[in-house]
Amino acid sequence: MKHRFFSFLLALSLICTLILPAAATDRGDSVKYYTSIVSDPGYGAEWGVIAACTEGNTAYGNLYWKNIQTIVKDAKGQLDSRKSTETSRVILAITATGNDATTVGGYNLVSALNDMDFVVNQGINGAIFALLALDAGAYVSNMRDSLVQYILDAQLTDGGWALTGEVGDT
């Protein structure tokens, strides 16, 4: 069990390194460049928002927060009916801005991650992103243990995990 848990943590670490914005010679320069191109961040700009907030650009985070509230309200709280990773990504960005993903334009985005069928519609990827989103904001969910178990159960005989197929991405 310890080996599986260590493998799980290693897999999460690798995924986190893949989803973080690519760094140029100076990450601050990359963020400045991104925010100059995407001056009005909204739905789809989450990785840039996370990077900007990590660099201390609270004004950019505040602008995203204002925009995403309107987008979520217009979408009646459901950003995508099939892809839970969209919701998880937005929760990660909202959390990076210092705001609460349980009160976005009158909607609780975190509650969508309590629907296991919705979350795992994208397989292990959906479960991993949901777990990252829940843990990023220490959001309360009755699904956390189920998500961890789903991910552990998806471990392949070679010790790795795969988004598709039977060969682990080790």
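What you see is a predicted model; the values in this text were computed from it and never measured. (Residues numbered from 1 in each chain as written. Predicted model: local features only at pLDDT ≥ 70, side-chain atom pairs only at ≥ 80, totals over all residues. Heavy atoms only, no water.)

A. Representation of the packing of aromatic side chains. Enumeration over the complete set of coordinates arrives at two aromatic pairs. With centroids separated by 6.5 Å and ring planes inclined at 80°, the aromatic side chains of Tyr34 and Tyr60 adopt a geometry described as edge-to-face. Here Tyr60 lies in helix α4 (residues 58-74) and Tyr34 lies in helix α2 (residues 27-37), a separation of 26 residues in the sequence. (Phe/Tyr/Trp six-rings, centres within 6.5 Å; stacked < 30°, edge-to-face > 60°. Helix = DSSP H or I, 4+ residues; strand = E, 2+ residues; numbered from the N terminus.)

B. Broad picture of α4. The end-to-end C-alpha distance of α4 is 24 Å, a good match for the 24 Å that 17 residues give at a rise of 1.5 Å each. Tyr60, Gly61, Tyr64, Trp65, Asn67, Ile68 and Val72 are the residues of α4 that are buried. On its buried face, α4 is in contact with α2, α3 (46-54) and α5 (84-96). Lys76 occupies a position one or two residues after α4 and carries a positive phi of about 55°. (Expected span 1.5 Å × (residues − 1). Buried < 20%, exposed > 50% of the residue type's maximum accessible area, 1.4 Å probe, protein only. Contact = heavy atoms within 4.5 Å.)

C. Quick peek at the environment of Glu166. Mapping Glu166 onto the fold places it in the segment after α8 (144-153). On the basis of relative accessibility, which here comes to 67%, the residue Glu166 falls in the exposed class. For the pair Glu166 and Leu156, spaced 10 residues apart in the sequence, the C-alpha separation amounts to 6.8 Å.

D. Main features of the nonpolar core. One finds Ile68, Ile91 and Ile94 to be the most contacted residues of the largest nonpolar core, which totals 40 residues. Counting only elements with at least two residues in this core, the list comes to α3, α4, α5, α7 (124-136) and α8. No other element matches α7, which puts eight residues into this core. Not counting chain neighbours up to four residues away, the residues in contact with Ile68 comprise Tyr43, Glu46, Val90, Ile94 and Val104. (Core = buried A, V, L, I, M, F, W, Y, C linked by side-chain atoms within 4.5 Å.)

E. Up close: the pattern of salt bridges. Under the defined criterion, the tally for this structure stands at three salt bridges. Between Glu46 and Arg89 there is a salt bridge, with the nearest N and O atoms lying 2.7 Å from each other. Of the two residues, Glu46 sits in helix α3 while Arg89 sits in helix α5, which places them 43 residues apart along the sequence. When its relative accessible area of 0% is taken as the criterion, Glu46 is described as buried. Here Arg144 and Asp135 are joined by a salt bridge, their closest N and O atoms 2.9 Å apart. Given the relative accessible area of 37%, Asp135 is considered partly exposed. Residues participating in the shared-partner salt-bridge network are Glu46, Glu86 and Arg89. (Salt bridge = Lys/Arg side-chain N within 4 Å of Asp/Glu carboxyl O.)

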